[in-house]
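# Residue-level structure breakdown
For reference, the chains in residue letters:
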Amino acid sequence: IDFRHKPSSDDLLMYRFLKHLAVPVTVVATKMDKVGVTKRAHQTKIIEETLDLVLGDELILFSSVTKAGKKAVQDQLEALIKE
């Protein structure tokens, strides 16, 4: 999802669909570098509350510019592949 904005209705629909199927979810919030450091905690809270993330789901903040979050995404994918 786009970290700069509140999750869209499509984001929410997809998350709820995956939860209905009992699928563990990792949400990757892109473009985190576009949000100032002081506003990131607030934006993270908005995303977590809007999606109503459940225990076991993960939110990874990612930036293709700074590569922040890249290792976390790679680790998550590797863990899924090994299952």
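Up top is the structure.
Residues numbered from 1 in each chain as written. Predicted model: local features only at pLDDT ≥ 70, side-chain atom pairs only at ≥ 80, totals over all residues. Heavy atoms only, no water.

Turning our eyes to something else, we now look at the nonpolar core. If you look at the biggest cluster of nonpolar residues, it comprises 11 residues: Phe3, Leu12, Tyr15, Val25, Val27, Ala29, Met32, Val35, Ile47, Leu51 and Leu59. At the level of secondary structure, the elements contributing two or more residues to this core comprise α1 (9-20), β1 (26-29) and α2 (37-51). In this structure, Val35 is in contact with Phe3, Arg4 and Arg40, ignoring residues within four places of it in sequence. (Core = buried A, V, L, I, M, F, W, Y, C linked by side-chain atoms within 4.5 Å. Buried < 20%, exposed > 50% of the residue type's maximum accessible area, 1.4 Å probe, protein only. Helix = DSSP H or I, 4+ residues; strand = E, 2+ residues; numbered from the N terminus. Contact = heavy atoms within 4.5 Å.)

This part takes up the layout of surface pockets. A volume near 150 Å³ is recorded for the largest pocket. Forming the walls of the largest pocket are Pro24, Val25, Thr26, Gly56, Glu58, Gln76, Ala79, Leu80 and Glu83. Among the elements that take part in the lining of the largest pocket, helix α3 (residues 70-82) stands out by supplying 3 residues, more than any other. In terms of residue class, the lining of the largest pocket is built from 4 nonpolar, 3 polar and 2 charged. (1 Å grid on protein atoms, 1.4 Å probe; cavity = no way out; pocket = protein on both sides within 12 Å on 5 of 7 lines; lining within 4 Å. Points joined across faces, edges and corners; volume = space filled by probe spheres on them. Nonpolar A, V, L, I, M, F, W, Y, C, P; charged D, E, K, R; others polar.)

Moving on, we come to the pairing of strand β2 (residues 58-61). On a regular strand, one side chain projects to one face of the sheet and the next to the other, so that they alternate. Of the pairings in the sheet, the one linking β1 to β2 comprises 4 bridges and is parallel in character. Residue pairing in the sheet places Val28 in a bridge with Ile60 of β2. In this fold, β1 hands off to α2, which returns the chain to β2; that crossover is right-handed. (Pairing = 2+ DSSP bridges. Right-handed = clockwise from strand over helix to strand, strands pointing away.)

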